[in-house]
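Each chain, letter by letter, is given below.
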Amino acid sequence: MILPQHMVQYTARGVLSMRTAVAIQFALNVVEPMMSGIGGGGFMMIYLAKENKIVVLDYREQAPAGAKPTMFLDAEGKPLPFRTAIQTGHAVGIPGTLKGVATALENFGTMSLAQVIEPAIELAEKGIMVNKVLAQSIVDSMYKFNDAAKQVFAPNGQPLPEGALLVQPDLAKTFRLIKERGVDVFYTGEIAQAIVEVVQARGGTMTLEDLKNYEVKFREPIRGTYRGYEIVSMPPPSSGGLTLIQMLKILEGFDIKALGHNTTQTLHLMIETMRLAYADRGKYLGDSDFVKIPFKGYFDEKYIEERRALIDWQKANPNIKAGDPWFYEGSPTCPASQLKNVFAMVNENETSQTTHYTVIDKWGNLVACTTTIEDVFGSGIMVPGYGFMLNNEMTDFDFVPGGANEVQPGKRPRSSMTPTIVFKDGKPVFSVGSPGGARIITTVMQVIMNMIDHGMSVQEAINAPRIFSSSYPTVQWEAGLPEHVKKELELRGHKIADAPRIMGSVQSIVIDLETGKIYGGADPRREGTVIGVP
Ligand code: GLU
């Protein structure tokens, strides 16, 4: 797919960081086969320095034409358990990643797909060393692996341990096919055939027609301000940008800097804000090609004030419900058809999956990308003979029909992925993104606040312990949060989860406007890395 004519000027020089970004995606498919790859989808935010423009690419997975709103209900009409649902063929969405990165490269790249896929072929053939995260992911996913996946990740029935060599000849073969024949081999050729066969064998409806019709979409980003910075983030079908900026706008009304970092008072205000925003997210957000979204009402100052007024400084509010941003949209209310059922639908048990990566080149062109196959190792289905995992992204839809995020043919499930770029005086000053399911949005928010409110360096901002709450009363927390703060939060009516848990894995790039220097921050929670090339 080529950009509309009026955008072609951006490509005159090409974006050097794009070839790296796409090469990273293919390499990730090899070294982190449980987190992302050509069997999945993602969102890419591209900053074009010369034009001072943002381009957003949506290559989120899409529901096949045969998908039904009731497909995650059992015979009695009850929602299937998550672990059961993700292993069905219905869980697999039409993959977007390959077409997404190819589109990005075609429009902005300085190298061909055949060139940037080459290093990943070598990695897959020569093998990589299994690290701790991959080893643990294999053990945790044995229950859902099909035979093809078992042969690669648990030969002779034994999960590959940390330090073992993982060689992926089928994946190398697939990448070679793509190198020689382009994306068509995946969307209309022999790989499409193999995908359809394995998905249908698991009861899914995906057809060759579905794959052939898949389209990458160009989207307009969500924009808002926070304490003089402009926040530019991901639009629907992600709930990321709207939820992130709504939370920041509510919190802008408090002197967070004076209240201090991770103090009881600051955390109390943040927890209440998260619950308010997640209530709205559950009710109003879904794929904007299918449901109406109150884009203006969502950040309207009066609406934000109304929501902020529901926060008691001292006590947890046990009764937080979604508000009515439609009232401030100038429209009577949300279309009734979207409101038959409303869910907070946050899967509290998700682990940290998915990957975020960011690349900048010497001209300041920036690519921020969050990429996923949803659960760790997705559906557990490897395409036999082709060596890549298929996503279970369809389980990001609500299982019970009727709400803004119900399953519909051709629709994209609501995401939390939040690649974000922060601007000051019209120039980008940092980018941030993370994996972590619904915790992505609050993770990104905490890193932004750590830098803007608390003046932390990027690495300090990433390392600091995080919290998460999507509804009253539970608060999840990371190790390092002071004991007395947890006790004081309990006294305010919050329920502090029994054990800590890790949230997200942030990668960030900072541009110092004064010196012109560029810094990176990477998350130690999952072996993040910063690399600079002279
Ligand atoms: N499927 C999730 C989403 O799109 C991303 C996976 C994760 O990081 O948990 O929001």
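Residues numbered from 1 in each chain as written. Predicted model: local features only at pLDDT ≥ 70, side-chain atom pairs only at ≥ 80, totals over all residues. Heavy atoms only, no water.

Visitor: Is there a simple way to explain the site of the ligand in this structure?
Guide: Lining the immediate environment of the ligand, one finds 14 residues, of which E393, D396, S415, S416 and G437 sit closest. In the model, a nitrogen atom of the ligand is placed 2.7 Å from a nitrogen or oxygen of the D396 side chain. Contact distances for the ligand include 2.9 Å between an oxygen atom and a backbone N or O atom of G436. (Near = heavy atom within 4 Å. Polar contact = N/O pair within 3.5 Å; in protein donor to acceptor, adjacent residues only side chain to side chain.)

Visitor: What's the story with the UniProt feature "binding site: L-glutamate" (unreviewed entry) in the protein chain in this structure? I'm lost.
Guide: Cross-referencing UniProt, the feature "binding site: L-glutamate" (unreviewed entry) maps to R60, D396, S415, S416 and G437 in the present numbering. These annotated residues cover 378 residues of sequence, and their C-alpha atoms all fall within 14.5 Å of one another, placing them together at a single site. Within the element layout of this structure, R60 appears in the loop between β2 (53-59) and α2 (82-85). In contact with R60, not counting residues within four places along its chain, are G42, F43, Y214, P237, T372, E393, D396, R412, P413, R414, S415 and M417. Looking at R60, its side chain comes within polar contact range of the side chain of E393, at 3.0 Å. Structurally, S415 can be placed in the loop between β9 (366-372) and β10 (420-424). Residue classification places S415 among the buried positions, given a relative accessible area of 1%. Apart from residues no more than four positions distant in its own chain, S415 is found in contact with F43, R60, P237, S238, S239, G240 and R281. (UniProt positions renumbered as here; feature names shortened; annotations may be inferred. Helix = DSSP H or I, 4+ residues; strand = E, 2+ residues; numbered from the N terminus. Contact = heavy atoms within 4.5 Å. Buried < 20%, exposed > 50% of the residue type's maximum accessible area, 1.4 Å probe, protein only.)

Visitor: Looking at this structure, I do not really get the side chain of T442. What am I missing?
Guide: Topologically, T442 is positioned in helix α17 (residues 439-452). Relative accessible area serves as the criterion here: at 0%, T442 is assigned to the buried category.

Visitor: Whenever I open this one, the layout of surface pockets confuses me. Can you help?
Guide: Over the atoms rolls a probe the size of a water molecule, and its path tells where empty space is left. By volume, the largest pocket is sized at about 1300 Å³. In terms of lining, the largest pocket is formed by 42 residues, of which the most central are I24, T358, T529, V530 and I531. A total of eight residues in the lining of the largest pocket trace back to one element, the largest contributor, which is helix α1 (residues 16-31). Each residue belonging to the lining of the largest pocket can be placed in one class, and the counts come to 22 nonpolar, 14 polar and six charged. (1 Å grid on protein atoms, 1.4 Å probe; cavity = no way out; pocket = protein on both sides within 12 Å on 5 of 7 lines; lining within 4 Å. Points joined across faces, edges and corners; volume = space filled by probe spheres on them. Nonpolar A, V, L, I, M, F, W, Y, C, P; charged D, E, K, R; others polar.)

Visitor: What should I look at first to understand the sheet that holds strand β5 (residues 217-219) in this one?
Guide: Note on sheets: strands pair through backbone hydrogen bonds, and any given pair is parallel or antiparallel. In space, the five strands of this open sheet follow the order β5-β2-β1-β9-β8, with antiparallel pairing throughout. Strands with a single pairing partner mark the edges of an open sheet, and in this sheet they are β5 and β8 (355-360). Taken over all neighbouring pairs, the strand axes of this sheet differ in orientation by 20° on average, direction set aside. For β2 and β5, the ladder comprises three bridges, and the chain directions are antiparallel. Within β5, the position partnered with V56 by the bridge is R219. Across the sheet, α1 touches β1 (41-48), β8 and β9, and the angle it forms with β8 is around 155°. (Pairing = 2+ DSSP bridges. Axes fitted to C-alpha atoms, helices over the stretch in contact; angles between N-to-C directions.)

Visitor: Please explain the pairing of β8 as it appears in this structure.
Guide: Most of β8 is tucked away, with six of its six residues classed as buried. Burial along β8 is two-sided: the residues T355, Y357 and V359 and H356, T358 and I360 are all buried. Note that β8 and β9 share six bridges and pair antiparallel. Bridge pairing links I360 to L366 in β9. Count of turn residues in the β8/β9 antiparallel hairpin: five residues, of which G364 carries a positive phi of about 95°.

Visitor: I tried to follow the confidence of the model for the protein chain on my own but got confused; where do I start?
Guide: Low-pLDDT stretches of the model should not have their predicted coordinates read in fine detail. Averaged over all residues, the pLDDT of the protein chain is 93; the fraction at 70 or higher stands at 93%. With pLDDT under 50 throughout, residues 1-12 is counted as low confidence; its partners more than four residues away or in other chains account for 19 contacts. (pLDDT = per-residue confidence, 0-100.)

Visitor: Would you take a moment to explain the UniProt feature "active site" (unreviewed entry) in the protein chain for this structure?
Guide: Following the UniProt record, the feature "active site" (unreviewed entry) maps to T354 here. Here T354 shows up in the loop between α16 (325-328) and β8. Those residues in contact with T354 that lie beyond four places of it in its chain are M35, T370, T371, T372, E374, M417, P435 and R526. At 2.7 Å, the side chain of T354 forms a polar contact with the side chain of T372.

Visitor: Would you mind going over empty space enclosed by the protein with me for this structure?
Guide: Inspection of the entire model under this criterion finds two cavities of 30 Å³ or more. Within this model, the largest cavity holds a volume of roughly 70 Å³. Looking at the largest cavity, it is lined by 13 residues, and the ones nearest its centre are H261, N262, M270, Q446 and N450. Only α13 (264-284) and α17 provide two or more residues apiece to the lining of the largest cavity. Broken down by element, the residue count for the lining of the largest cavity peaks at four residues, all from α17. Partitioning the lining of the largest cavity into residue classes produces six nonpolar, six polar and one charged.

Visitor: Explanation requested: the packing of helix α11 (residues 240-251) against α13 in the structure shown.
Guide: Relative placement of two packed helices is described by the angle separating their axes and the distance separating the axes. One way to put it is that α11 packs onto α13 with a least axis distance of 9 Å and a crossing angle of 140°. What the angle tells us is that α11 and α13 run oblique. Regarding α11 and α13, the two cross each other, and that crossing is right-handed. Contacts between α11 and α13 involve T243, Q246, M247, I250 and L251 from the former and L269, M270, T273, M274, L276, A277, Y278, D280 and R281 from the latter. Grouping the constituent residues of the contact of α11 with α13 by class yields nine nonpolar, three polar and two charged. (Parallel < 35°, antiparallel > 145°, perpendicular 65-115°, else oblique. Left-handed = near helix turned anticlockwise from the far one by under 90°.)

Visitor: Before we go on, may I ask you to explain the pairing of β1 in this structure?
Guide: Successive side chains on a regular strand alternate, one facing one side of the sheet and the next facing the other. Within β1, eight of the eight residues are buried, leaving the element largely enclosed by the surrounding structure. Because side chains alternate across β1, one face comprises the buried residues G41, F43, M45 and Y47, and the other comprises G42, M44, I46 and L48, equally buried. As judged from the seven bridges shared by β1 and β9, these two strands associate in the antiparallel manner. Counted as the bridge partner of G41 is T372 from β9. As paired strands, β1 and β2 are joined by seven bridges and run antiparallel to one another.

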